[in-house]
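# Observations on the model geometry
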Amino acid sequence: MIFNFFIFIRYCYLKFKTFLKTKNISIEIKGLLAFLVSITIFNNSFYTNLFLSSAVASTPKYSYPHKYAKYDDTLLVSNDIADSVDFLTQAGKKHYQNQQFNQAIAKWQQARKILIAKGDTVNEAIVLGNLTQAYQKLGKLTDAKKAIAKSIELLSSHQKQHQNLLASTLNIQGSLLFSEGKSEDALIIWQRAKNIYEKAGDKNGLIRCLLNQTQAYTQLGMHNRALKTLEEVNQNLKLQPDSALKIVSLLQKGDALRLTGNLEDSKKTLQQSLAIAQKLNSDNIDKILLALGNTSHFEQKTEEALKYYQQAIDKSKSPGIKLQAQLNKLRLLIDTQKLSKAKVLATQIQPELKSIPLSRTSVYALVNYVQSIEDLNGNKIFNNQKTTNNIALKLKTAARQAEILGDERAQSYALGYLGHIYEQTQQLKSAKTLTQKALILAQTSNAPDVAYRWQWQLGRLLKKQKNFVEAISAYDGAVVTLDSIRNELVASNLDIQFSFRESVEPVYREFVSLLLTPQMGETSQENLKKARQVIESLQLAELDNFFNEPCLKANPTQVDRIDTQAAVIYPIILENRLETIVSLPKQPLRHYTTAISQNELEKMVQKMRRAIRRKFLKKQHFAICQELYNLLVKPLEADLAASEIKTLTFVLDGSLKNVPVAALHDGKQYLIEKYSLALAPGMQLLDPQPLASQKMQVLIGALSEGRQGFVPLPGVKSEVEKIDTEISTQLLLNQNFTSQALQKQISKTPFPVVHLATHGEFSSKAEDTFVLTWDNRLNVKELGNILQSREQTTSNPIELLVLSACKTASGDKRAPLGLAGVAVRSGARSTIASLWAVDDEATSLMMVDFYEQINQSGVTKAEALRKAQIQILQQSKFKHPYYWAAFVLVGNWL
């Protein structure tokens, strides 16, 4: 991608030439200084998304855009050497700019040969940096590593003279390491580059390097470091005058913020960039408008996004940017069911496809357009042979174009999607051949984000052909690939969140369905273990998707080593049945199948949640609570009794996360009266440590007064005062309960228990999941950062986080994901929270009794909560599950 401020650069270059002549500086240094004012190109998915394949829908919706996020892979072009080298480097730059990477490589290799003959090692190092980026774009990582290693070797003898050149080369090396998932190594390299930029006073190089580091910190789960690094970027940008470089830096930062989920800050930063661009009449206005459209799209502000896309279309003088904006707008119109407008736009786009030069962008655009046409017309499109042939012809054209370019990644996109079209038209043999070819291309071009797609597609095709053994192998490959790149995908591309339920989740569910299919005969222990592992992986992927960043480190745990009287139950929702896997201590896995459709099951869950309301009569809620008990627990009763199980831990799936399992009823008793209960986002996340034997200290943050539009909680004051009589507490009440005061106390004293008696809401969106303080709404990430800030002063984690006045968002079926998110992100070993807003008096009584129980030696958290809930339900005025079933224990139950 090229920053279109050529006049500014040319002016600087001429000034440098005059300066060089007056100072009689050597030709080698001239080459370097020419590089330092050369046009900068960023080879990264952040900036690529703005200039070559702008996010949301520019690369095919059917697969993820380029998976890795990198800043400051500077395309180094030397202008002040022999004319033949100048011509070749400029020609290579032009090819690179047009995403014709093999052609760029050919030109730069020719230039390098001339430079080797001249003995010009500095400019050879520059060309090798260019080659590294082109190789990386094509997935030729071995060639890229050799090129960058040689570049650094050549510069090693010129380090003192050419520090900035070395810094730029190190940035490229760091980006290469990051693309391989070696974030720690990349950070070390980028820190070296940062030190050089700081010493040289190169603010722009420093900003790009800091943005690189932000992405590495995010991928490693070092969120506080990432935030501090972004703040350092802010400080450097404030010092810059309005200029073309500041426009670009703000554009980079806005894109980085969007891709890490900070949508509000992304919009503010991009609007700042736009204001300066308009003031200076910059060529980047269309790109900024496109980026603003993408941010608004991710915010699900449809009309605002459509407005920005249209402005980008109207303003752009670049056919490529205009087409990207049109394709993004088309995708958004289809997604929001504005189909009549989408059809008009689709007609307008068709001739535009011929206006852009042959490149990776042109291939992606063709595939993207075909995907949109399919989504626009639905399955009926395949009933028309002429239309189907036309679609296939476009995809064949795209594949040929990619082959001409030598771009295996783009060719894989086109061939794989052509295989998808043949799958839809039941041409399974041809579909399989194309899919296998696409998979090989994806693997040889080091594109696992593409490869998993074709592994999945191959699995579907083999399953349709009744080849179950090979189908399992293909699905297994897809899941292994997804697990291996999950962190990179989430960290680098927020667009994943919009396609997770259609492009990631089905891979896991279809694989589980295949492993447990009746057509395979009796299910083996091997398949049961694999199915459990796959559903655990899905739980992890869901949470990463929730946070828009890889923040979870799996820690596989064997349950019977934790608690020999605990059973773990995995109910798995499939399209036409419910599969339940049960893990009992020191026994083979059990497996139960119940024939029930996903739609029917979801209706049962909704019915139960309605029945839990206070206005429903006893008979009404008993009936549905018993139905779900019969579905989830009754088939296991004999095994649970024989194993003398005392604790049930549910790893709930999908809509079942909305079920208050304590209220399940066997016709005689509630489940909580028979067992201690816990929920777990996945056993891989469990920290299997019992509550430490120590003097219990509780930090309480509480709001009893109305605040920020929320009603008062008069019972809270009584609640915290009574807890104080049972246990040692530090209280932050009302105006003393501020975000800053909470952070200060968390950092100051390693309280094992943190109790927040305040309004809060769990949502399927991280930004809408929050708890209320006197002065702020802390979203799940901000709360997590505060609670985990103690890690800087102590290694002791929070044993228990209690959220006594929260609820799940109304009408949000996936809201319990927010509860799991808080539980995991807080860093606490266990979390107690409520699924709905509970009566003040009942909450107060139950919380006081819970602390009385937990303060006794040898009582587990799950047991303490069970006893407290039973105490409440035994009181006549609080017998209804509404008063006590909302409270759930998430995580470690010991």
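Residues numbered from 1 in each chain as written. Predicted model: local features only at pLDDT ≥ 70, side-chain atom pairs only at ≥ 80, totals over all residues. Heavy atoms only, no water.

### Points about the pairing of strand β15 (residues 887–891)
- Of all five residues that make up β15, five are buried, and the element is covered over most of its length.
- One ladder, built from five bridges, connects strand β14 (residues 830–834) with β15; its direction is antiparallel. Bridge pairing links T831 to V890 in β15. (Buried < 20%, exposed > 50% of the residue type's maximum accessible area, 1.4 Å probe, protein only. Helix = DSSP H or I, 4+ residues; strand = E, 2+ residues; numbered from the N terminus. Pairing = 2+ DSSP bridges.)

### Some thoughts on helix α28 (residues 598–611)
- An ideal rise of 1.5 Å per residue puts 20 Å on 14 residues; α28 measures up with 20 Å between its terminal C-alpha atoms.
- Looking at α28, one finds that the buried residues are L601, M604, V605, M608 and A611. Around the axis of α28, the buried residues are gathered within 125° of arc, so they sit on the same side. (Expected span 1.5 Å × (residues − 1). Arc of directions from axis to C-beta.)

### Overview of the packing of aromatic side chains
- Counted by the stated rule, this structure contains eleven aromatic pairs.
- When the ring of Y882 is compared with that of Y883, the centres are 5.0 Å apart and the planes differ by 80°; the resulting orientation is edge-to-face.
- For Y882, a relative accessible area of 10% gives the class buried.
- Directly above the ring of F770 sits R777, whose terminal nitrogen or CZ lies 4.8 Å from the centroid. (Phe/Tyr/Trp six-rings, centres within 6.5 Å; stacked < 30°, edge-to-face > 60°. Lys NZ or Arg CZ within 6 Å of the ring centre and 35° of its normal.)

### Some details on the nonpolar core
- Membership of the largest hydrophobic core comes to 283 residues, with the highest contact counts inside it found for L648, F650 and L664.
- Excluding anything up to four places from it in sequence, F650 contacts I569, V633, V661, L671, L677, A678, L679 and A680. (Core = buried A, V, L, I, M, F, W, Y, C linked by side-chain atoms within 4.5 Å. Contact = heavy atoms within 4.5 Å.)

### Some thoughts on the confidence of the model for the protein
- On average, residues of the protein carry a pLDDT of 83, and 85% of them reach 70 or more.
- Put simply, helix α3 (residues 45–51) is where the protein has its lowest mean pLDDT, 24, and helix α21 (residues 428–444) is where it has its highest, 97.
- Below pLDDT 50 for its whole length, residues 77–82 participates in 28 contacts with residues either more than four positions away or in separate chains. (pLDDT = per-residue confidence, 0-100.)

### Some thoughts on the pattern of salt bridges
- Scanning the entire structure with this criterion turns up 34 salt bridges.
- A salt bridge links R409 to D449; its shortest N-O distance comes to 2.6 Å. In this pair, R409 sits in helix α20 (residues 408–424) while D449 sits in helix α22 (residues 448–464), placing the two residues 40 residues apart along the sequence. Across this residue pair, the class does not change: R409 and D449 are buried.
- A salt bridge links K464 to E423; the nearest nitrogen and oxygen atoms lie 3.1 Å apart. Linking K464 in helix α22 with E423 in helix α20, this pair joins segments that are 41 residues apart in sequence.
- Overlapping salt bridges bring together K267, E299, K301 and E304 as one network. (Salt bridge = Lys/Arg side-chain N within 4 Å of Asp/Glu carboxyl O.)

### Here's the deal with the sheet that holds strand β11 (residues 777–779)
- Spatially, four strands are ordered β11-β10-β9-β13 in an open sheet, and the strand pairing comes out mixed. The open sheet is flanked by β11 and β13 (806–808), the only strands paired with a single partner. Within this sheet the neighbouring strands show an average axis-to-axis angle of 20°, counted without direction.
- Bridging between strand β9 (residues 760–762) and β13 involves three bridges; their strand directions are parallel. Bridged to E761 within β13 is K807. (Axes fitted to C-alpha atoms, helices over the stretch in contact; angles between N-to-C directions.)

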